[in-house]
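Structural description and commentary
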Amino acid sequence: MSTATPDAQRVQIFDTTLRDGEQSPGISLNAGEKLEIAHQLARLGVDVIEAGFPIASPGDFAAVQAIARQVHGPVICGLARANAGDIERCHEAIKDAERPRIHTFCSTSDIHIEHQLRSTREDVKGLVRASVAQAKSLCADVEFSPMDATRADVEFTAEVLQIALDEGATVINVPDTVGYAMPQEYAAFLTRLYELVGDLRGATLSTHCHDDLGLAVANSFAGVQAGARQVECAINGIGERAGNASLEEIVMLLHVRAAHTGGLHTGVETTELARSSRLVSRLTGYVIQPNKAIVGRNAFAHESGIHQDGVLKDRSTFEIMDARTVGLEVNALVLGKHSGRAALKVALEDLGYAVDGQALNAAFKRFKEVADRKKTVTAMDLEALVTDELRTEAKAWELEWFDVEASTRRPPHATVAVKGPDGAVTQGSFTGDGPVDAIFKAINAATGIDARLREFRVDAVTPYADALGEASVVLELGDPAAAVRTDTPGLLTGERVSGAGQAVATDIIEAAATAYMRALSSAVAKASALAAAPAPAW
């Protein structure tokens, strides 16, 4: 079976935000957050959602399964190593999807075979044959990736790919796993594979390029020019180390330059790009750099007088695309404190949120709290508020109230009250280097958990003076075993477990404290899952 699209110029977009993207240091999405992003990816119109790595943890399995059952439109894909247990677990997670896919992989570079797998080339061929055959017996759509292919011998990689195709693989992905290749090298590697593997043109050839040398998008585009018709990428380019090819950049490259690429195009709804980018940034805590192509806040900004003069006369003088094309149009919607529940409901629906019943009541209550402090509430404010209000993560710890005393004459002091997993409320106080430092340390004192701040950031949701503050926190548990109160041997004292949290409020100290509590809850939940789950065999 071939999944090659009948439209020879259509490039399928394979989104790996929820798998490779979530492997970025400090990112830990819960099932509810993953499901929210997956629904947005479906609205965006990606062809494939790689929902996760089901064998990695019970939480990841549950998230992939929920996405498979509830998200419609795209192919729902799960990742599995080339072993029977992984593939069986992956199938269990994705089998209820309308269009399921198993993606299995095994390294073909001698570096990986010798040092990571501690195996041989012959063993690798046997593993690939068995794993692809097993995956095919469970699922009609099977993707195979020769990991670290661009540092591998091309003839040996070709042998492995032919085995995968013989066993029924429908998609062949050639990853530049460590971001080592240059565009001309990557294109030549794919071209040579087409020459060596006769059946490759009957399958969909895919790219998966990392950005270690800043060439992920360039390499992906080179791969498409060489014949690949699937690009694996992530929103905002997040992923392992320096990240993946940026979805919005590859999509807009093909969109803007279609006439110069022989009509290459995607099925992505480009007006959803900016919203998708903001959502992923908000839920992961990974800031979008201001000069980020396509979705950065400066992507369509002009400060130079010469540029401003030209844009005022005709925007095409210094802009190669319309900001509205990627969903960055300034929304005319403005609500205030006198707006009612019905107006809020319509506004949220316009933003793609179907909110009703108790969820609408909660969103309306939060909206009123903010509207009392702001003159106007914009569409971007609403998007931030509803995402914040409807978060579904397990809350191991919740902030009840806080007091902060700040002065230039004495060190800032904070007192907090927090509700624990058992419902009991405890208090903690601490003096810190600043009000935010004091409140974070007071939370540690109240919970009795040794959490260490790794990253903290506050951003404005909109560029106005009364903007909402959006706080992002990444922390690390100094003693995860103590945090989950467990003697489980699998969770060692001193093992590092991190968590990320975000929150929105008009008061940045409140936003910071809430984000810290959410990060703490995320880290404790992760530590608990690690303690409860047996480590998978690698």
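In what follows, the structure referred to is the one given above.
A brief structural summary.

Each value, and the rule that gives it
Every chain is numbered on its own, with residues counted from 1 as its sequence reads. Confidence filtering applies because this is a predicted model: local features only for residues at pLDDT of at least 70, side-chain atom pairs given and counted only at 80 or more, and all residues used for totals across whole chains, interfaces and linings. Computation of side-chain values: all heavy atoms of the structure, hydrogens and water removed. Paired strands are those between which DSSP finds at least two bridges. Helix numbers and strand numbers start at the N terminus; a helix is a DSSP run of H or I with at least 4 residues, a strand a run of E with at least 2. In this analysis, axes come from line fits to C-alpha atoms, helices being fitted only over the stretch in contact, and the angle between any two N-to-C directions falls in the range 0 to 180 degrees. The rule is simple: put a 1 Å grid over the protein atoms alone, call a set of points where a 1.4 Å probe fits but cannot get out a cavity, call an open set with protein on both sides within 12 Å along at least five of seven lines a pocket, and count a residue as lining if it has an atom within 4 Å of a point. Grid points are joined across faces, edges and corners, and a volume is the space filled by probe spheres set on the points. For this classification, the nonpolar set comprises Ala, Val, Leu, Ile, Met, Phe, Trp, Tyr, Cys and Pro, the charged set comprises Asp, Glu, Lys and Arg, and every other residue, Gly included, is treated as polar. Salt bridges, as used here, are contacts in which a Lys or Arg side-chain nitrogen is within 4 Å of a carboxyl oxygen on Asp or Glu. Each residue's exposure class comes from its accessible area (1.4 Å probe, protein chains only) as a fraction of the maximum for that residue type: buried when under 20%, exposed when over 50%, partly exposed otherwise. Nonpolar core, defined: a set of buried Ala, Val, Leu, Ile, Met, Phe, Trp, Tyr and Cys residues in which side-chain atoms within 4.5 Å join the residues together. The criterion used for residue contact is that any of the two residues' heavy atoms lie within 4.5 Å. Each pair of aromatic rings taken from Phe, Tyr and Trp, with Trp reduced to its six-membered ring, is defined by centres within 6.5 Å and is described as stacked if the planes are under 30 degrees apart, edge-to-face if over 60, and tilted in the remaining cases. Whether a charge sits over a ring comes down to the Lys NZ or Arg CZ being within 6 Å of the ring centre and within 35 degrees of the ring normal.

Remarks on the sheet that holds strand E15 (residues 469-477)
Sheet architecture is open: 3 strands sit in the order E14-E15-E16, paired in antiparallel fashion. Sheet topology places strand E14 (451-460) and strand E16 (497-505) at the edges, where each strand pairs with a single neighbour. Sheet twist, expressed as the average angle between the axes of neighbouring strands with direction ignored, equals 15°. Judged from the 9 bridges that link them, E14 and E15 form a sheet pairing that is antiparallel.

Points about the sheet that holds strand E11 (residues 398-405)
As a general point, the strands of a sheet are linked pairwise by backbone hydrogen bonds and lie either parallel or antiparallel. Pairing is antiparallel across the open sheet formed by 3 strands, whose spatial order is E11-E12-E13. Whereas interior strands pair on both sides, the edge strands pair on one side only; in this sheet they are E11 and strand E13 (425-431). Ignoring strand direction, the axes of neighbouring strands in this sheet form an average angle of 15°. Where E11 meets strand E12 (residues 413-419), 7 bridges bridge the pair, whose relative direction is antiparallel.

Brief notes about empty space enclosed by the protein
Within this structure, the stated rule accounts for 2 cavities of 30 Å³ or more. Lining the second largest cavity we find Ile27, Ser28, Leu29, Glu33, Leu283, Thr284, Ala500 and Gln502. For the lining of the second largest cavity, the secondary structure elements donating two or more residues are helix H10 (273-284) and E16. Here the lining of the second largest cavity is composed, by residue class, of 4 nonpolar, 3 polar and 1 charged.

What about the pattern of salt bridges?
Taken as a whole, this structure holds 25 salt bridges when the rule is applied. Across the salt bridge formed by Lys34 and Glu22, the nearest N and O atoms sit 3.2 Å from each other. Taken as a pair, Lys34 in helix H1 (residues 31-44) and Glu22 in the loop between strand E1 (12-15) and H1 lie far apart in primary sequence, 12 residues in all. Comparing Lys34 with Glu22, the two get one shared label, buried. A salt bridge links Lys125 to Glu122; the shortest N-O distance between them is 2.9 Å. Highlighted residues: Lys125 and Glu122, both in helix H5 (residues 121-138), separated by 3 residues, approximately one helical turn. Residue class for Glu122 comes out exposed when judged on its relative accessible area of 54%. One connected set of salt bridges, linked through shared partners, spans Arg19, Asp20 and Glu50.

Let's talk about the nonpolar core
Among the nonpolar cores identified, the biggest contains 91 residues, and Ile76, Val128, Phe144, Ile172, Val174, Leu193 and Leu247 are the most heavily contacted of them. Counting residues per element, this core draws most heavily on helix H6 (residues 154-166), at 8 residues. If we ignore the near neighbours within four places in the chain, the residues touching Val174 are Pro146, Ala149, Tyr186, Phe189, Leu190, Leu193, Leu205, Ser206, Thr207 and His208. Residues Ala414, Ala438, Ala446 and Leu475 belong to the second largest nonpolar core, which totals 32 residues.

Side note on the packing of aromatic side chains
Under the definition given, this model contains 3 aromatic pairs. Their ring planes at 35° and their centres at 6.2 Å tell us that Phe364 and Phe367 sit as a pair that is tilted. Within this pair, Phe364 and its partner Phe367 are both found in helix H13 (residues 357-371), separated by 3 residues, close to a single helical turn. Phe367 matches Phe364 in its accessibility class, with the two residues each being buried. Through a chain of ring-to-ring contacts, the aromatic side chains of Phe440, Phe456 and Tyr516 assemble into a single cluster. Arg89 extends its terminal NZ or CZ atom over the ring of Phe61, reaching a point 3.7 Å from the ring centre.

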